[in-house]
Structures are given as C-alpha cells and as structure tokens.
Amino acid sequence: MKILLLGKDGQLGRELKRSLTPLGDLIAWGRSECDLANADSLYEKVVAAKPDVIINAAAYTAVDKAESEPELAHAINALAPTALAQVTRDIGCKLIHYSTDYVFDGSGTAPWLEDSPTAPLSVYGKSKLVGEQAIQNSGCNHLIFRTSWVYTKKGNNFAKTMLRLACEKNALSVIDDQIGAPTDAAWLADVTAQAIDSLASGVYHAASAGEVSWHGYASYLIANACELGFPIKVKLKAISAVTSEAFPLPAKRPHNSRLDCSKLTATFGITPPPWQQGVDRLLDHLHTQL
Ligand SMILES: NC(=O)c1ccc[n+]([C@@H]2O[C@H](COP(=O)([O-])OP(=O)(O)OC[C@H]3O[C@@H](n4cnc5c(N)ncnc54)[C@H](OP(=O)(O)O)[C@@H]3O)[C@@H](O)[C@H]2O)c1
C-alpha cells in the first residue's frame, strides 16, 4: 500500500509517521514539499505520487489568527481538501481527513453526533466545515475523523503551557465553561492505522472518553505533576475557574465540545480511552525530561 501523508510535522502528522510506517510505502510531505495554500499544484503533485491512500493531517490551526486571515484559512482548510477530494475521486484512491469539534456552536450539554447540525462560531470552524463538506460532496472514498483538544508529547499545547505556568506563577485563572475531551494525537494516529483498510466511509467522531473543562484539565495536570515531583509553584486552590468572557479572544469557542464516539466504536470496534489515560502518559514522559 502506498500512503501519502500531508502535514508530517504537525502534532498528529508526527504520530501518523510512526503509526503508518509499518503499513506500507509511506511518502510524508511537510509544508516545504507541498504548500496546501496552492491547491492547483497540489492536484498535480498528488497525481504524480500515485498513492493508494492520502492522509491529510495538514491544516491551518491558528484559531485566533484565522479571524484576521480568513482567506488563508479557507485556502488551506477548505480549498486544499476540495482539491484532495477531486484527485482522490479521479485516481480512485482513498482520503483520510481530520476535522474538529469547532464545527458545532457549542449549545446545550448533549454530546454531538456525526449528523448533529453544524454551526461554527469562528473562521477556523467555518473553514474546516467547508473542507469536510467538499470531501463528502465529491463522491470520493473518504474517512473524516472529527476530534477535539489534541495534544502530543512534542510541540506546544495547552497541557505543556499550563505546566510551565504552574512552575512559574503563584496563581492561575483557567476557563471552566468550555467542556470537551483532551485527545492524544498518538491514539488518533493509531485509530487511523486501524481504520485505513476499512470499507467504511463518512464522518466519525474520534476523541477521548469522558469530559472536563479547561480548568479541570489544568487542575488534574498540575495535581498529578505535583505528585510526580515537578517543581510546581502554584497551589491547587490558587487555580481560579473563570468564564470565557474573562479571557476575550478574537475567535469564539464552543462551550459544549462533547463528541459522541459511539459510531467509531460500532464501526471499527475502537473504544476511546478515558482522557486521563493519555494525560498520565504525557506527564510520565515530561517527568523523564525534568
Ligand atoms: N490541535 C487541536 O486541538 C485540534 C482539535 C480538533 C481538530 N484538530 C484537527 O486535527 C488535525 C491535526 O491537527 P494538529 O493539532 O496536528 O495541527 P498542527 O500541529 O497545527 O499541525 C498542522 C500542520 O499543518 C501544516 N500546514 C499548515 N499550513 C500549511 C500549508 N500551507 N501547507 C502545508 N502544510 C501546512 C503545518 O505545517 P508547519 O509545521 O510548517 O507549520 C503543521 O505541520 C487538523 O485537521 C486540525 O484541524 C486539531
């Protein structure tokens, strides 16, 4: 099997390189090999690579910056997936793509299903939704995994920022009115490897089990980091829970980012792990780096 991976240097892309390497002939492209902002040359490049499966982990993910760069976000998150869907259909291969909880408006408290109504609040969410819809409407063989709150051992993410701040500051304020599930990119990469041969098609939610607010997530990280001997300065009672309004940002985020993953389990036999499991692994890894 010839697999073409786009976005090899991102959080998920790096984990996909690991999980896909044993499965066949892997061609991995980063921004320098293939710029997704240029959808025209993308089509030709993919045709020349002759893949059996295209895996698109590349995306414009700067959620706040997207509010002032809507055209670039649209080019990378909507036009590039449109071109990938066209070439997938034309050469008869398969496309695996990733999307986000930010396609929903975050209303209510019930976990979102794959066919729940979408209504993104941000430029990023809108651009990701257009990309999803283009793939679905193209008639190509595809899998789209919608995930949430992704982190990895490498790179910058909320978990590492919170741990750094907890070692530097005596008090922290963290949002507690956005609820979701932190998802380990390593797990999502393993899900992808498991699903790559499947005959299934369509959209699937793929996030960790359970739910937590950013405040609960930060408190869990910091409490466990303390036990592991990280040089934590902040006391747990000095981590204040605040509303989203206390942190005005350019892009609006959904309050309810819960994703119902029962379709993933029913189709692929994959049961998402509790969100704490991957976070514990992350802490163990960071602990060895101290
Ligand atoms: N991160 C999250 O919390 C989250 C949540 C829900 C869904 N998702 C989705 O999950 C997928 C993977 O996200 P991630 O967290 O791995 O993102 P990431 O770490 O930001 O990686 C995105 C990758 O896309 C590449 N890229 C950006 N613009 C490009 C361009 N013009 N041409 C080529 N490559 C370009 C980046 O290249 P450089 O390395 O050169 O910048 C980067 O390697 C995305 O579809 C994202 O929308 C992420």
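Residues numbered from 1 in each chain as written. Predicted model: local features only at pLDDT ≥ 70, side-chain atom pairs only at ≥ 80, totals over all residues. Heavy atoms only, no water.

Brief notes about the pairing of strand β4 (residues 94-100)
The cut-off we apply is this: Whether a residue is buried, partly exposed or exposed follows from its accessible area with a 1.4 Å probe, protein chains only, as a fraction of its type maximum: under 20%, in between, or over 50%, in that order. We count a stretch as a helix when DSSP gives it H or I for four or more residues in a row; a strand needs E for two or more, and each element gets its number in order from the N terminus. When DSSP finds two or more bridges between a pair of strands, those strands are recorded as paired. Here, the term right-handed applies to a crossover whose path from the first strand over the helix to the second runs clockwise when the strands point away from the viewer.
In terms of residue burial, β4 counts as a mostly covered element, since 7 of its 7 residues are buried. Residues of β4 alternate between two faces, with K94, I96, Y98 and T100 on one and L95, H97 and S99 on the opposite face, all of them buried. In this sheet, β4 lies alongside strand β3 (residues 53-56) in parallel orientation, the contact comprising 4 bridges. Paired with N56 across the bridge in β4 is H97. Pairing analysis gives 7 bridges linking β4 to strand β5 (residues 141-147), with the strands arranged parallel. Bridge pairing in β5 places Y98 opposite F145. As for the winding sense of the linkage, the β-α-β connection from β4 through helix α4 (residues 123-138) to β5 is right-handed.

Here we look at the packing of helix α2 (residues 39-49) against helix α3 (residues 70-91)
To describe two helices that pack against each other, one gives the angle between their axes and the distance between the axes. The cut-off we apply is this: Angular values range over 0 to 180 degrees, each being the angle between N-to-C directions of two axes fitted as lines to C-alpha atoms, with helices fitted over their stretch in contact. Angle categories: roughly parallel below 35 degrees, roughly antiparallel above 145, roughly perpendicular from 65 to 115, and oblique for all the rest. Handedness of a helix crossing follows the sense of rotation of the near helix relative to the far helix, less than a right angle counterclockwise being left-handed and clockwise being right-handed. Whether two residues are in contact is decided by their heavy atoms: any pair within 4.5 Å suffices. Polar here means any residue outside two lists: the nonpolar Ala, Val, Leu, Ile, Met, Phe, Trp, Tyr, Cys and Pro, and the charged Asp, Glu, Lys and Arg; Gly therefore counts as polar.
Where α2 contacts α3, the axes come no closer than 9 Å and their chain directions differ by 30°. Relative to α3, the element α2 lies roughly parallel. Between α2 and α3 lies a crossing of right-handed hand. Mapping the contact onto sequence places A39, L42, Y43, V46 and V47 in α2 and L79, A80, A83, L84, Q86, V87, D90 and I91 in α3. Of the residues that constitute the contact of α2 with α3, the class distribution is 11 nonpolar, 1 polar and 1 charged.

Section: the pattern of salt bridges
Which entries qualify depends on this criterion: Salt bridges are counted wherever a side-chain nitrogen of Lys or Arg sits within 4 Å of a carboxyl oxygen of Asp or Glu.
Evaluation of the coordinates by the stated rule reveals 9 salt bridges. Across the pair R18 and E15 runs a salt bridge, and its minimum N-O distance is 2.9 Å. Remark: E15 and R18 occur in helix α1 (residues 11-20); sequence separation between them is 3 residues, near one turn of the helix. Judged by relative accessible area, R18 falls into the partly exposed class, the value being 40%. Measuring nitrogen to oxygen at the nearest pair gives 3.2 Å for the salt bridge that ties D184 to R281. Taken as a pair, D184 in strand β9 (residues 183-184) and R281 in helix α9 (residues 275-288) lie far apart in primary sequence, 97 residues in all. For D184, a relative accessible area of 10% corresponds to the buried category.

What to know about the layout of surface pockets
Test applied: The distinction between a cavity and a pocket rests on a 1 Å grid over the protein atoms alone: a 1.4 Å probe fits inside a cavity but cannot get out, while a pocket stays open yet meets protein on both sides within 12 Å along at least five of seven lines, and a residue with an atom within 4 Å of a point counts as lining. Grid points are joined across faces, edges and corners, and a volume is the space filled by probe spheres set on the points.
Of the voids in this model, the second largest pocket is the one considered here, and its volume is about 210 Å³. Taken together, 13 residues make up the lining of the second largest pocket; nearest its centre are S244, E245, A251, K252 and R253. Residues belonging to the lining of the second largest pocket are distributed by class as follows: 6 nonpolar, 3 polar and 4 charged.

Describing the nonpolar core
What counts here: The definition of a nonpolar core used throughout is a set of buried Ala, Val, Leu, Ile, Met, Phe, Trp, Tyr and Cys residues joined through side-chain atoms within 4.5 Å.
Within the largest apolar cluster, 31 residues are counted, with the highest numbers of intra-cluster contacts made by L42, V46 and I54. Tallying contributions element by element places α3 first for this core, with 7 residues. Ignoring sequence-local partners within four residues, the contact set of I54 consists of L4, L6, V46, L84, V87, T88, C93, K94, L95 and I96. Listed in part, the 27 residues of the second largest apolar core include Y151, V174, I222 and A225.

Observations concerning the packing of aromatic side chains
The criterion, for reference: Ring geometry is summarised as follows: Phe, Tyr and Trp rings, the Trp one being its six-membered ring, pair when their centres sit within 6.5 Å, and such pairs are stacked at plane angles under 30 degrees, edge-to-face over 60 and tilted between the two.
In total, this model carries 12 aromatic pairs according to the counting rule given. Between Y220 and W275 the ring centres are 5.1 Å apart and the planes differ by 70°, which places this aromatic pair in the edge-to-face class. Note that Y220 is positioned in helix α7 (residues 214-228) and W275 in helix α9, a separation of 55 residues in sequence. On the basis of relative accessible area, Y220 is assigned to the partly exposed category, the value being 21%. The class for W275 is buried, based on a relative accessible area of 4%. An aromatic cluster is defined as three or more aromatic residues linked by ring pairs; in this entry it consists of W149, F158, W214, Y217, Y220 and W275.

Just distances and angles here, no functional claims.
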